[in-house]
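Chain residues, written in single-letter form:
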Amino acid sequence: MSLLKSCITGSIKKTLLKLCETRFVERHESIMTFASLLPFIVQALDEMKTWTSCETRKVALRLESSITNASFIVALNVLETVSGLLLPLTRILQSVSYDISQAMVQVSGLIDVLENMRSEGSEFTVVFKKASDLAKKVGVVITKPRAAQRSVYRKNAGVGSSIEDYYRINVFYPTVDAIIVDLKHRLGERQQTATGISCLIPSLMDFGIKKQEQWKSLLAVIETYHDCLDVTAADLHGEFELWRKQWQNSEERPQSALASLDSCCEYYPNIKTFLQMLATLPVTTAEAERLFSRMERTLTSIRASMSESRLQDLVLLQVNRRHAPSIDQVIDRFAATTARRLRFLL
């Protein structure tokens, strides 16, 4: 690592990041960092090939042969471009109190951008030029790999085309297609149905011709979650009309499910139930993973004999640090109780 740091000059990035399997933000950042530091990595490996250790020279030679391959460099630049698009979304999805309706808007926009990249050829032209410039820095010429003239099991894509078209067909298109399919699978039809509740958020209400479309989306939610909802379309329709009327002429409308829930009174019990569903539907597992991490830090070997209620209280204090009482408040509360062990009040 010290050798790599000594080789890095004129770059903002000073060290490589670990490709974490679970933290998606770090995964995208590690790819982008590796792409920006590739010339310095090759320089460090060239230096390691001159060391006296035979095993070190073998490992350095294998690593350099892998990362100075034309296919690897093109694929790395494609991943860097896609990671730049996915990074803002992954950061937002791991934020606190981010409901599914907001997430679906961002995911739909990202899918549109990726599909435009897929259909337009100009985007890969920029990526391929960037890959060619990076290959020149490490002393590599971008060429097509050797391919058979006749393929038995699948089409021999891009054999008779140019170098750019070959990598467009065999690297760029499969990568973008796989990400689009994965996004639609993770946030697909069932999640789209659940976001139909978002039409109850006042800022997303349409008071014009799309009223019937929003009502149909609510009916689809009732049909999907009928097992856990004790509500009929007739019960909801009256509240839906009154709820819309309440916010129609209002200038300040809640922007999220939690804000809408705070503004919903007992006069709209079914609307309140739907907003609670929208606010609690998980977008990602980030919130649960944070809770598990705090539980691991709380339930240590020293505290293995604590009761379940105390563990829950400590974890809640960890999760809600902003609302946790101060030390002085805890002392005052303890001093005010009759069953205290120390005499705080003289």
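The model shown is predicted, which means the values in this text are computed figures rather than measured ones. Counting from 1, residues in each chain are numbered in the order their sequence is written. Given that this is a predicted model, residues contribute local features only at a pLDDT of at least 70 and side-chain atom pairs are listed and counted only at 80 or more, while totals for whole chains, interfaces and linings are drawn from all residues. Side-chain measures here rest on the full set of heavy atoms in the structure, leaving out hydrogens and waters.

(A) Fine view of the overall build of the chain. Put simply, DSSP H or I for four residues or longer makes a helix, DSSP E for two residues or longer makes a strand, and each gets a number counted from the N terminus. Within the chain, the secondary structure is distributed over 16 helices and zero strands. Among the 346 residues that make up the chain, the fraction classed as buried is 33%. Residues count as neighbours in contact if any of their non-hydrogen atoms are within 4.5 Å of one another. Taking the intrachain contacts of the chain between residues at least 6 apart in sequence as the baseline, contacts between residues at least 24 apart amount to 61%. Using a 1.4 Å probe, accessible areas were evaluated by the Shrake-Rupley method; residue-level cover was limited to the displayed protein chains. Accessible area of the chain: about 22,200 Å², with a carbon and sulfur share of 55%. Burial classification: accessible surface area is computed with a 1.4 Å probe over protein chains only, and a residue below 20% of its type maximum counts as buried, one above 50% as exposed, and the rest as partly exposed.

(B) Inspection of the side chain of His 28 at higher detail. Looking at the element boundaries, His 28 is found in helix H2 (residues 24-36). Dropping the residues within four chain positions of it, His 28 is found in contact with Ser 83, Leu 86, Leu 87 and Thr 90.

(C) Spotlight on the environment of Val 82. On the secondary structure map, Val 82 appears in helix H5 (residues 70-93). As for Val 82 and Val 176, which are separated by 94 residues in sequence, their C-alpha atoms are 7.8 Å apart.

(D) How the structure looks around the packing of helix H10 (residues 211-224) against helix H11 (residues 233-248). Between H10 and H11, whose axes approach to 11 Å, the crossing angle comes to 140°. For the element pair H10 / H11, the angle class is oblique. Regarding H10 and H11, the two cross each other, and that crossing is right-handed. Residue-level contacts link Lys 211, Gln 214, Trp 215, Leu 218, Leu 219 and Ile 222 of H10 to Ala 233, Leu 236, His 237, Phe 240, Glu 241 and Arg 244 of H11. When residues are sorted by character, Ala, Val, Leu, Ile, Met, Phe, Trp, Tyr, Cys and Pro go into the nonpolar class, Asp, Glu, Lys and Arg into the charged class, and all the rest, Gly among them, into the polar class. Classifying every residue of the contact of H10 with H11 by side-chain character gives seven nonpolar, two polar and three charged. Throughout, an axis means a line fitted to C-alpha atoms (over the contacting stretch in the case of helices), and angles, computed between N-to-C directions, take values from 0 to 180 degrees. In what follows, roughly perpendicular refers to angles from 65 to 115 degrees, roughly parallel to angles under 35, roughly antiparallel to angles over 145, and oblique to any angle outside these ranges. Working rule for handedness: look at the near helix, and if it is turned counterclockwise from the far one by less than a right angle, call the crossing left-handed; if clockwise, right-handed.

(E) Examining the packing of aromatic side chains more closely. A pair of Phe, Tyr and Trp rings is counted when the ring centres sit within 6.5 Å of each other, with Trp represented by its six-membered ring. The angle between the planes then sorts it: under 30 degrees is stacked, over 60 is edge-to-face, the rest tilted. The final tally for this structure, using the stated rule, is ten aromatic pairs. Here Phe 34 and Phe 72 contribute two aromatic rings whose centre-to-centre distance is 6.2 Å and whose plane-to-plane angle is 85°, an arrangement assigned as edge-to-face. In this pair, Phe 34 is assigned in helix H2 and Phe 72 in helix H5, connecting sequence segments 38 residues apart. Judged by its relative accessible area of 22%, Phe 34 falls in the partly exposed class.

(F) Summary view of the side chain of Thr 68. Locating Thr 68 in the fold gives a position in the loop between helix H4 (54-67) and H5. Contacts described as polar in this section are N or O atom pairs within 3.5 Å, which, within protein, must combine one atom able to donate a hydrogen with one able to accept it, while residues neighboring in sequence count only if both atoms come from side chains. Within the local environment of Thr 68, its side chain forms a polar contact with the backbone oxygen of Glu 64, the two atoms lying 2.4 Å apart. Setting aside residues no more than four positions away along its own chain, Thr 68 makes contact with Val 42, Ile 73 and Val 140.

(G) Structural detail: the packing of helix H7 (residues 122-137) against helix H8 (residues 163-186). Contact geometry for H7 and H8: axes closest at 11 Å, N-to-C directions at 105°. As the angle between them shows, H7 and H8 are arranged roughly perpendicular. Of H8, the residues touching H7 (which contributes Phe 124, Thr 125 and Phe 128) are Ile 163, Glu 164, Tyr 167, Arg 168 and Phe 172. Along the lines of polarity and charge, the residues of the contact of H7 with H8 split into five nonpolar, one polar and two charged.

(H) Spatial organisation of H4. One fewer than the residue count of a helix, multiplied by 1.5 Å, yields its expected span. Taking 1.5 Å of rise per residue, the 14 residues of H4 would be expected to cover 20 Å, and the 20 Å separating its terminal C-alpha atoms lies within 8% of that figure. Burial in H4 covers these residues: Ala 60, Glu 64 and Ile 67. Along the long axis of H4, the arc covered by the buried residues comes to 70°, so they all point the same way. Here the arc refers to the set of directions running from the helix axis out to each C-beta atom.

(I) Geometry of a nonpolar patch on the surface. Side chains of Leu 291, Phe 292, Met 295, Leu 299 and Val 319 sit close together on the surface and give an oily, nonpolar patch of about 400 Å² of accessible area. The element contributing the most residues to the nonpolar patch is helix H14 (residues 286-298), with three residues. Tracing the backbone shows Leu 291 in helix H14. Here the term patch refers to residues with relative accessible area over 30% and no salt bridge, with like charges joined within 9 Å and nonpolar side chains (Val, Leu, Ile, Met, Phe, Trp, Tyr) within 5 Å. Salt-bridge detection follows one rule: a side-chain nitrogen of Lys or Arg within 4 Å of a carboxyl oxygen of Asp or Glu.

(J) Representation of helix H6 (residues 100-119). Between its first and last C-alpha, H6 extends 28 Å over 20 residues, near the 28 Å set by a 1.5 Å rise per residue. For H6, the set of buried residues is Ile 100, Ser 101, Ala 103, Met 104, Val 107, Leu 110, Ile 111, Leu 114 and Met 117.

(K) Focus on the nonpolar core. Residues belong to a common nonpolar core when they are buried Ala, Val, Leu, Ile, Met, Phe, Trp, Tyr or Cys residues joined through side-chain atoms within 4.5 Å. Grouped together as the largest cluster of nonpolar side chains are 77 residues, with contacts concentrated most on Tyr 167, Leu 200, Trp 243 and Phe 274. For this core, the leading source of residues is H5, giving nine residues. Apart from residues no more than four positions distant in its own chain, Leu 200 is found in contact with Met 205, Leu 218, Phe 240, Trp 243, Ile 271, Phe 274 and Leu 275.

(L) Geometry of the environment of Leu 93. Tracing the chain through its elements places Leu 93 in helix H5. On the accessibility criterion, Leu 93 (15% relative accessible area) is buried. Between the C-alpha atom of Leu 93 and that of Ala 103, which follows or precedes it by ten residues, the distance is 6.9 Å.

(M) Fine view of the pattern of salt bridges. Per the counting criterion, the structure on display carries nine salt bridges. We note a salt bridge from Glu 64 to Lys 49, for which the minimum N-O separation is 2.7 Å. Taken together, the residues Glu 64 in helix H4 and Lys 49 in the loop between helix H3 (38-48) and H4 connect sequence positions 15 residues apart. Judged by its relative accessible area of 11%, Glu 64 is buried. For Lys 49, a relative accessible area of 30% puts it in the partly exposed group.

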